[in-house]
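# Architecture and fold: a report
Below are the chains, spelled out letter by letter.
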Amino acid sequence: MLRNTLWNLLGEGLPMAAALLSIPWLISAVGMERFGALTLIWALLGYLGVLDLGLGRSLVQVVADRIGHAGGQGEGHGDGQSSANTAGIAGPAIALMGAIGLLTGGVVALGAGLLANRFQLETGTSPEEIRASLLVAAAIVPIALVSAGLRGVLEAHQRFRPISLVRMTVGVLNYLSPLFVLPFSQSLVPVIAAIAAGRFIGLVGYGVLAVGQVPDLLRPSRWGRPSLRGLFTMSAWMMLNNLVGPAMLYADRFILLSLVPAAMVAFYTTPFELLSRLMVIPGALSLALFPLASSLFRRDPPALGRILDAGGHLTLAVFLAMQAATIVGGETALQLWLGPAFAANSASVLSILMLGVFFNATAYVPNTLIQSVGRVDVTARLQLAELPVYLGVLWLLAERYGAVGAAVAWSLRTAVDCGLLLLLLPRLAPGTGTVALTIGLRALLAGAAGLAGLLVGGPVGAAISLTGLLAVGLGVAGRLMRTRSWEKLAAPLRKSRTAPLPAALPAPRITGINGPAIDGAAADRS
C-alpha cells in the first residue's frame, strides 16, 4: 500500500514540477491572452477526457475480479482461458472507449468555430488560430480515452510502477513540450500539437505494457466471450460521478470566460491549477485506504472509525500547514514565480482558493469510506444535487466580482460538500459518528480562522488566521499522537502478510440507494 501510494505521488509530483518551470516561460512567450486560451483548452480536454461512460474505473474493478478468480496470476503467466476472459472484457470496453473518443472529438471539431468565437481575445490571437487549435485538441480526446482503458487493465494487474513512469512522461511533456516549439512559433496551434504528440507517446507506452500483460487484447476473436453486463451496470453510477464532478470543477473557467476577457481568466486558472495539484496527496492516501476499508468493512466494522480518525486527522494536519504557508508566503511566491503584476491580481484569489482546497482535501477520506461501504450512488446523487445550486451561485458571484467571486463560489461549495459528506458518513458506516463530528468541527474552526483573516486583511488578518490555525493544529497533532490510529490500522496489514487475502475486490453489485452495496473505487472530490 505504501509503495503504491508513493508511486502515485511521484506520478503527479514530477508533472507539477514541470508546470512550475514551464508556465512562466509560456506566459512570457505567448502572452497572457494566448496563455489564458491555452488554460481553457487544457480545461476542455480535462473534462472531455472523462466522458468514457464510467468504463475506465469500472474496467479496473471487473478485470481485477477476474484475475482474482483465476488465482491472481498475470495474463502473461496464466493459462489461455484466463487471458481470453480478461481480454473478453477489456477488449470490447477499450474499443468502445475509442469509439466514444472519436465521437466526442468529432463534436468538438464540428463546434470548433462556435467555441472559438466564445474566447474574448482582444489582441494578438485570431478566432482562426483558436479554431485550428481546437481541431488539434479534438484529436487528443480519443487518444486520452483509449489510454485510460489500457491504464485500467494495468491497474487491475497492480502494475503501478510502469503506470507511474508513463504518466510522469505524459505529464512532463504536457507542460514542457510546448517550450520546444516556441523558438519557431508563438501560435497556439503548434503548442497544442506538441501536447498531442506527448499524449500519443503515452498511448503507445500504455499499449505496449497492456499487450505485454494481456496478449489477447490484439486478438478480437477472443473478445466478448464473458458477459459485459457487470461492467456496464457498474459504469452507470461511475459515469454520473465522472460527468457531474468535472462539470463543477471546470464550470468556473467557462462561466468566467463568458463574463471577462481571457487574460483575466488566467489570473484565476493559474493559482487554481497550482493548488489543485496538491490534491494528489489526499488522492494517493484515499487510493491506499480504499481497498483496506473495503476488506475490513464486513469483518471489522469499527475499523472504519479508525481509518477516518487516522486518515482524516493526517489530512487536516498536512493542509493546515499548507494553509498557513499560503498565508505567510503565498503572495511572495506568486511575485517570484510570475511577477508583481500577476501577483497583484491573483494573491487574493490564491488565498480564497486555498480555503476551498483545505475543505476539498478534508472531504477525500469520508468520500472514500462512503464508497468503500458500497454507496457510490450516494456521492453521485450528492454531486448532482449540488450542481445547479453551485452554478447559480457561481454565475452571480463571478458576474459581480470576477475571478474573486468565482473563487468564493468554488470554496463555498467545497466547504458545503465536505460538511454533507461528514454528516452522511455515520448513517452509512456506523461507528464513525464521533470522529466525523470531531473532524468536522476542527475543519470548521480552521475555515473560520482563514475567512476571518481574509476579511480583516493585512498583517492583523494574517495574525488572526495563523493563531486560529495554530490552535486547531495543536488539537489535531495531539489527537494523532494520543490515538496511535496508524498502529491500529497496521495490525490488519501485518496479519495479511501471514494470511492470504483476496487478489481483488468482489464484483460490483449495483442497486438503488436503499438496496445492497455498490462496490466502487474512491473517486476524487472536485
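Rules of the game
- Residues numbered from 1 in each chain as written.
- Predicted model: local features only at pLDDT ≥ 70, side-chain atom pairs only at ≥ 80, totals over all residues.
- Heavy atoms only, no water.
- Helix = DSSP H or I, 4+ residues; strand = E, 2+ residues; numbered from the N terminus.
- Buried < 20%, exposed > 50% of the residue type's maximum accessible area, 1.4 Å probe, protein only.
- Contact = heavy atoms within 4.5 Å.
- Areas by Shrake-Rupley, 256 points an atom, 1.4 Å probe, with all protein chains shown as cover.
- Axes fitted to C-alpha atoms, helices over the stretch in contact; angles between N-to-C directions.
- Parallel < 35°, antiparallel > 145°, perpendicular 65-115°, else oblique.
- Left-handed = near helix turned anticlockwise from the far one by under 90°.
- Nonpolar A, V, L, I, M, F, W, Y, C, P; charged D, E, K, R; others polar.
- Polar contact = N/O pair within 3.5 Å; in protein donor to acceptor, adjacent residues only side chain to side chain.
- Phe/Tyr/Trp six-rings, centres within 6.5 Å; stacked < 30°, edge-to-face > 60°.
- Lys NZ or Arg CZ within 6 Å of the ring centre and 35° of its normal.
- Salt bridge = Lys/Arg side-chain N within 4 Å of Asp/Glu carboxyl O.
- Core = buried A, V, L, I, M, F, W, Y, C linked by side-chain atoms within 4.5 Å.

## Structural notes on the overall build of the protein chain
- Across its full length, the protein chain holds 17 helices and zero strands.
- Within the protein chain, the proportion of its 526 residues that are buried is 54%.
- Long-range contacts, defined here as pairs at least 24 residues apart, represent 85% of the contacts in the protein chain between residues at least 6 apart.
- Of the accessible surface of the protein chain, which amounts to about 21500 Å², a share of 67% is contributed by carbon and sulfur atoms.

## Topic: the packing of helix α13 (residues 376-401) against helix α14 (residues 403-428)
- Put simply, α13 and α14 touch, their axes get as near as 8 Å, and they point 160 degrees apart. Here α13 lies roughly antiparallel to α14, going by the angle between them. α14 is crossed by α13, and the crossing has right-handed handedness.
- Taken together, the residues of the contact of α13 with α14 break down into 18 nonpolar, two polar and three charged.

## Digging into the environment of Y268
- One can find Y268 in helix α9 (residues 262-276).
- As for Y268 and L353, which are separated by 85 residues in sequence, their C-alpha atoms are 9.2 Å apart.
- If near-sequence neighbours (up to four positions away) are discounted, Y268 is found in contact with D252, L256, V349, L353, A403, A406, A407 and W410.
- Side-chain polar atoms of Y268 contact the side chain of D252, separated by 2.5 Å.

## Observations regarding the packing of aromatic side chains
- Applying the stated criterion to the full structure yields four aromatic pairs.
- Across the ring face of Y390, the terminal group of R413 is positioned such that the distance to the ring centre comes to 5.5 Å.

## Here's the deal with the packing of helix α12 (residues 340-372) against α14
- Packing of α12 against α14 leaves a shortest axis separation of 8 Å and a crossing angle of 20 degrees. One way to sum up the angle between α12 and α14 is to call them roughly parallel. Here α12 and α14 pass one another in a crossing that is left-handed.
- Residue classes in the contact of α12 with α14 are distributed as 22 nonpolar, seven polar and one charged.

## A word on the pattern of salt bridges
- All chains considered together, the criterion is met by two salt bridges.
- For the salt bridge of D309 with R479, the shortest nitrogen-to-oxygen distance reads 3.2 Å. With D309 in helix α11 (residues 303-338) and R479 in helix α16 (residues 458-483), the pair connects residues that are 170 residues apart, well separated along the chain. The residues D309 and R479 share a single accessibility class, namely buried.
- Linking E386 and R413 is a salt bridge whose minimum nitrogen-to-oxygen distance equals 3.4 Å. Here E386, found in helix α13, pairs with R413, found in helix α14; they are 27 residues apart in sequence, far enough to count as distant.
- For E386, a relative accessible area of 8% puts it in the buried group.
- With relative accessibility at 6%, the residue R413 sits in the buried group.

## Some remarks on the environment of M322
- By the secondary structure assignment, M322 is in helix α11.
- In the structure, M322 is positioned 35 residues away from V357 in sequence and 9.8 Å away in space, judged by C-alpha atoms.
- Setting aside anything within four residues of it in sequence, one finds M322 in contact with L278, I281 and M354.

## Structural notes on the nonpolar core
- Among the nonpolar cores identified, the biggest contains 104 residues, and F35, L38 and Y268 are the most heavily contacted of them.
- When residues no more than four places from it in sequence are discounted, the contact partners of F35 are I23, L26, I27, V30, W42, A266 and T270.
- I163, Y206, A210 and V214 belong to the second-largest nonpolar core, a separate cluster that totals 21 residues.

## Details of the environment of A90
- Topologically, A90 is positioned in helix α3 (residues 80-110).
- Judged by its relative accessible area of 0%, A90 is buried.
- Through-space distance from the C-alpha of A90 to that of L150 is 8.3 Å; in sequence the pair is 60 residues apart.
- When near neighbours in sequence (up to four residues on either side) are disregarded, A90 contacts L59, V63, V153 and L217.

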